Protein chains: 2
Amino acid sequence: MTKPLAGFDRFYSVIPAGGIGSRLWPLSRADAPKFLHDLSGSGQTLLHDTWDRLAPLSGEQRIMVVTGRAHRAAVEAQLPKLHDLNVVLESEPRDSSAAIGLAAAILERREPGVIIGSFAADHVIKGERIFQQAVREAYAAADAGYIATIGIRPTESAVGFGYIHMSGPLEIDGAPTAMAVDKFVEKPDLETAQGYTASGEYLWNAGMFIARADRLLEELGKTQPELLAGLLELAEAWDSTRRGAVVDRIWPTLPKIAIDYSVAEPAAAAGTLAVIPGHFDWDDVGDFASLAKLHSGGRKSDLAILGQNARVLADSSSGVVVSQSNRIISLIGVRDIVVVDTPDALLVTTSENAQKVKAVVDALRISGGQDVL
Amino acid sequence: MTKPLAGFDRFYSVIPAGGIGSRLWPLSRADAPKFLHDLSGSGQTLLHDTWDRLAPLSGEQRIMVVTGRAHRAAVEAQLPKLHDLNVVLESEPRDSSAAIGLAAAILERREPGVIIGSFAADHVIKGERIFQQAVREAYAAADAGYIATIGIRPTESAVGFGYIHMSGPLEIDGAPTAMAVDKFVEKPDLETAQGYTASGEYLWNAGMFIARADRLLEELGKTQPELLAGLLELAEAWDSTRRGAVVDRIWPTLPKIAIDYSVAEPAAAAGTLAVIPGHFDWDDVGDFASLAKLHSGGRKSDLAILGQNARVLADSSSGVVVSQSNRIISLIGVRDIVVVDTPDALLVTTSENAQKVKAVVDALRISGGQDVL
């Protein structure tokens, strides 16, 4: 059994495993969301990668997964060491404030003073030691009362990510690189992103939050008192026979809001948010253009091929092919192409159009294509 | 029952149904060659279209089909009125001189003085009456002793077809537009093709040959005496119990040569070839670019969709999709694209690269992809 890393004894990992990843349709879909795919090339799912990354920090006994009821079996199959007590099932998606907040509330009840670190189930990270070091600093900042996040040093002027503005250094024991944050900004346009990158003052928001559970709930209560009340009631009933009834009554009523808005931005405005700049490779693999880039090592001329049984024959072609069938896939003279071949749906587009995939999913939803969503 | 058209009483239609159509892979393949697909949008196979076009000319009882043994069942399923005596099965492909020559030899034995018209099983023709009128003239020219062909008036400077050069008018009763031919030319380069089109003296070679069977065999004997001898021996045994043995002995030994080289070009050089300019729409649907053009009405902005159960969702895309599955096919921002979706193979290319499809087939043949050829 993996033990928690020294100095992380109050740490608990939380993995919200929720989003479908619509921009990765038809690979990602309701019954096979993004976190259940091997997008990193590791040979295992992103969820499994995430588990492996967190286990050395908190220990396997201290990783909580918040996921949809429909994904319980798949998640447990992926994570055989996931403890029953650490499976939090959502009857329906209520966004990240509810998911992470519920984990915080349950854990705080079980273990007052716990420090939780929440990390998405479907991101790709390379550079485990640098990641661990960043979490270590974030843990120290959390211990000092901050809502801590880890921001990623931009490697390009990406327009697909949110940014965090660093306003100056903080003096926190054990977190020498921690910076104060004064604002979060939404996905910028290219010019703005270029300004951000050039300034050196901005980091990508990777959705990693590390905080004392009680502090996180306290911040949440400032902006979302109703949500907090619901979560506390859920947590109080959670480890009892009343759980089912309380979940059925309360969960569907909880406000849907991203934790970035309910906790992180207000904490930044209040001066209680710290960011640790992360120098590891990170990608949220938000669309097929990211996937192509991730697997081509950034070379535009390359064709990335994903899929265990892929049989691809390519001539003068680049981009990415995802093969979920045993079919022969032949590409001739197609550049920056995206081909996603699944048993019941086929997508052909280009990297440039990768963000539009979500619109297709929306169109299918209203046009009778639900069988492939 | 369809009766032969008045004035066509000695006419016999011959349909060589042989070529796979490798440039249309993975749609066309060994067990599903081009002539067994609906490429015209008629709702039936090209072979069936061809039958329907010829039946009014010769009558259904007078259409002979020359095809591979492997395709017998499919051909007979397509053409329920095809008479057993009119099915000529090749044990292996020996090119068009052997196929058409054998039909000529069999029919000449059965009915001396017969006039045969050979038309490919896998071309698309629109304008039935104009076609019939051209065949009527070709029949008259054949009756006068010419090897007659029908050439197509170029509608563009195509580089994918062979051309026929008209050297001047002929005076043939019943064939007022018949022209003498002095040469056939292979697929030209673009500049040459443009010169041909501008001159008005060239027609596309559509591989349609109309001739008295005895004259066709006579011309064949001048350049291919060995082939002719084999065909005569086959024909002599054909309607007897000796057919099988003679076929097994002789067919595999016959020289493989296109009838254009063995008969048409020599006849042109000798001044015994007549061409009737055809003003109907004709396409050999040689590759997916032709298929796209055929179905988009020539508009580059259109997306042509072929396939009975096609479920295609397209955004800002043009080209052609061939769907042989019930899968959802989603295209986003791909122009001049070619997507061919079959149960075991997928092709993604562009119109511009359509001619390269054959190279993929060749590559698959040597790389273990035989299962999808």
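- The name given to chain A in an unreviewed UniProt entry is Mannose-1-phosphate guanylyltransferase, with the source organism recorded as Compostimonas suwonensis.

### Quick word on the UniProt feature "domain: Nucleotidyl transferase" (unreviewed entry) in chain A
Thinking step 1. Mapped onto the present numbering, the UniProt feature "domain: Nucleotidyl transferase" (unreviewed entry) falls at residues 14-295 of chain A.
Thinking step 2. The span residues 14-295 of chain A is 41% helical and 22% strand by assignment, and the distance between its end C-alpha atoms comes to 27 Å.

### Observations regarding the interface of chain A and chain B
Thinking step 1. Contact with chain A, which involves 34 residues of that partner, is made by 34 residues of chain B.
Thinking step 2. Taken together, the two surfaces of chain A and chain B that pack against each other cover about 2,500 Å², and 63% of this comes from carbon and sulfur.
Thinking step 3. By the criterion of area lost to chain B, the three top residues of chain A are Arg-327, Ile-332 and Leu-346 of chain A, representing 27% of everything that side buries.
Thinking step 4. In this assembly, chain A and chain B are joined by four salt bridges.
Thinking step 5. When the shortest N-O distance is used, the salt bridge between Asp-341 of chain A and Arg-327 of chain B registers 2.7 Å.
Thinking step 6. Broken down by secondary-structure element, the contributors of at least two residues to the side of chain A that touches chain B are strand S13 (311-315), strand S15 (328-332), strand S16 (337-341), strand S17 (345-350) and helix H11 (357-366) of chain A.
Thinking step 7. Take the side of chain A that touches chain B: its biggest share by element is six residues, from S17 of chain A.
Thinking step 8. Relative to strand S15 (residues 328-332) of chain B, S17 of chain A is paired through four bridges, and the arrangement is parallel. Paired with Leu-346 of chain A across the bridge in S15 of chain B is Ile-329 of chain B.

### A look at the sheet that holds S13 of chain A
Thinking step 1. What the six strands build is an open sheet, ordered S13(A)-S15(A)-S17(B)-S16(B)-S14(B)-S12(B); its pairing is mixed. The open sheet terminates on both sides in strands that have one partner only, identified here as S13 of chain A together with strand S12 (303-306) of chain B. Taking the axes of each pair of neighbouring strands and ignoring which way they run, one obtains an average angle of 10° across the sheet.
Thinking step 2. Sheet topology note: the S13 of chain A/S15 of chain A ladder contains five bridges and is parallel. Within the sheet, the bridge partner assigned to Leu-313 of chain A lies in S15 of chain A and is Ser-330 of chain A.
Thinking step 3. Packed on one face of the sheet, helix H11 (residues 357-366) of chain B meets S13 and S15 of chain A together with strand S17 (345-350) of chain B and runs near 140° to S15 of chain A.

### What about the side chain of Glu-219 of chain A?
Thinking step 1. Following the sequence through the fold, Glu-219 of chain A ends up in helix H6 (residues 213-223).
Thinking step 2. On the basis of relative accessibility, which here comes to 2%, the residue Glu-219 of chain A falls in the buried class.

### So, the relation of the copies chain A and chain B
Thinking step 1. Expressed as a screw transformation, the operator carrying chain A onto chain B has a rotation angle of 180° and an axial translation of 0.1 Å, and the superposed copies differ by an RMSD of 0.1 Å. Those values place the two copies in the arrangement expected of a two-fold rotation axis. If distances are taken from each C-alpha of chain A to the rotation axis, the shortest is found for Val-348 of chain A, at 4.2 Å.
Thinking step 2. Take the interface residues of chain A: 100% of them recur as interface residues in chain B, which is what a same-surface contact looks like.

### Topic: the UniProt feature "domain: MannoseP isomerase/GMP-like beta-helix" (unreviewed entry) in chain A
Thinking step 1. Mapped onto this structure's residue numbering, the UniProt feature "domain: MannoseP isomerase/GMP-like beta-helix" (unreviewed entry) falls at residues 317-364 of chain A.
Thinking step 2. Counting secondary structure, residues 317-364 of chain A comes out at 17% helix and 44% strand; the distance between its end C-alpha atoms is 29 Å.

### With respect to the pairing of strand S9 (residues 202-212) of chain B
All names here are of chain B.
Thinking step 1. Among the 11 residues in S9, nine count as buried, and that is most of the element.
Thinking step 2. As paired elements, strand S4 (residues 115-118) and S9 share four bridges and run antiparallel to each other. Bridging from a neighbouring strand, Ile-115 pairs with Arg-212 of S9.

### Digging into the packing of aromatic side chains
Residues and elements named next belong to chain A.
Thinking step 1. Inspection of the entire model under this criterion finds 21 aromatic pairs over all chains.
Thinking step 2. On the numbers, 6.5 Å between centres and 70° between planes, the contact of Tyr-163 with Tyr-202 is edge-to-face. With Tyr-163 in strand S7 (residues 163-169) and Tyr-202 in strand S9 (residues 202-212), this residue pair connects regions lying 39 residues apart in the sequence. Each member of the pair, Tyr-163 as well as Tyr-202, is classed as buried.
Thinking step 3. Members of the aromatic cluster, connected to one another through ring pairs, are Phe-8, Phe-11 and Tyr-139.

### Quick word on the packing of helix H1 (residues 46-58) of chain A against helix H4 (residues 128-143) of chain A
All names here are of chain A.
Thinking step 1. Contact geometry for H1 and H4: axes closest at 11 Å, N-to-C directions at 50°. Taken together, the axes of H1 and H4 lie oblique to each other. Judged by the sense of rotation from one axis to the other, the crossing of H1 with H4 is right-handed. Residues Asp-52, Arg-53, Leu-54, Pro-56 and Leu-57 of H1 form the contact with H4, whose participating residues are Glu-128, Phe-131, Gln-132 and Val-135.
Thinking step 2. Taken together, the residues of the contact of H1 with H4 sort by class into five nonpolar, one polar and three charged.

### Things to note about the side chain of Ser-262 of chain A
Residues and elements named next belong to chain A.
Thinking step 1. On the secondary structure map, Ser-262 appears in helix H9 (residues 259-270).
Thinking step 2. The exposure class assigned to Ser-262 is buried, which follows from its relative accessible area of 1%.
Thinking step 3. Apart from residues lying up to four places away in sequence, Ser-262 is in contact with Ser-97, Glu-219, Leu-220, Thr-223, Gln-224 and Ile-257.

### Here's the deal with the environment of Val-65 of chain B
Residues and elements named next belong to chain B.
Thinking step 1. As for its position among the elements, Val-65 is in strand S2 (residues 63-68).
Thinking step 2. Val-65 sits in the buried class, given a relative accessible area of 0%.
Thinking step 3. Each C-alpha atom, one on Val-65 and one on Ala-264, is 21 Å from the other, the two residues being 199 residues apart in sequence.
Thinking step 4. Here Val-65 is in contact with Ile-15, Ala-17, Val-75, Leu-79, Leu-82, Asn-86, Val-87 and Val-88, once residues within four sequence places are set aside.

Analysis parameters
Residues numbered from 1 in each chain as written. Chains lettered and ligands numbered in written order. Predicted model: local features only at pLDDT ≥ 70, side-chain atom pairs only at ≥ 80, totals over all residues. Heavy atoms only, no water. UniProt positions renumbered as here; feature names shortened; annotations may be inferred. Helix = DSSP H or I, 4+ residues; strand = E, 2+ residues; numbered from the N terminus. Contact = heavy atoms within 4.5 Å. Buried area = accessible area lost by both parts, 1.4 Å probe. Salt bridge = Lys/Arg side-chain N within 4 Å of Asp/Glu carboxyl O. Pairing = 2+ DSSP bridges. Axes fitted to C-alpha atoms, helices over the stretch in contact; angles between N-to-C directions. Buried < 20%, exposed > 50% of the residue type's maximum accessible area, 1.4 Å probe, protein only. Least-squares fit on C-alpha atoms with pLDDT ≥ 70 in both. Phe/Tyr/Trp six-rings, centres within 6.5 Å; stacked < 30°, edge-to-face > 60°. Parallel < 35°, antiparallel > 145°, perpendicular 65-115°, else oblique. Left-handed = near helix turned anticlockwise from the far one by under 90°. Nonpolar A, V, L, I, M, F, W, Y, C, P; charged D, E, K, R; others polar.

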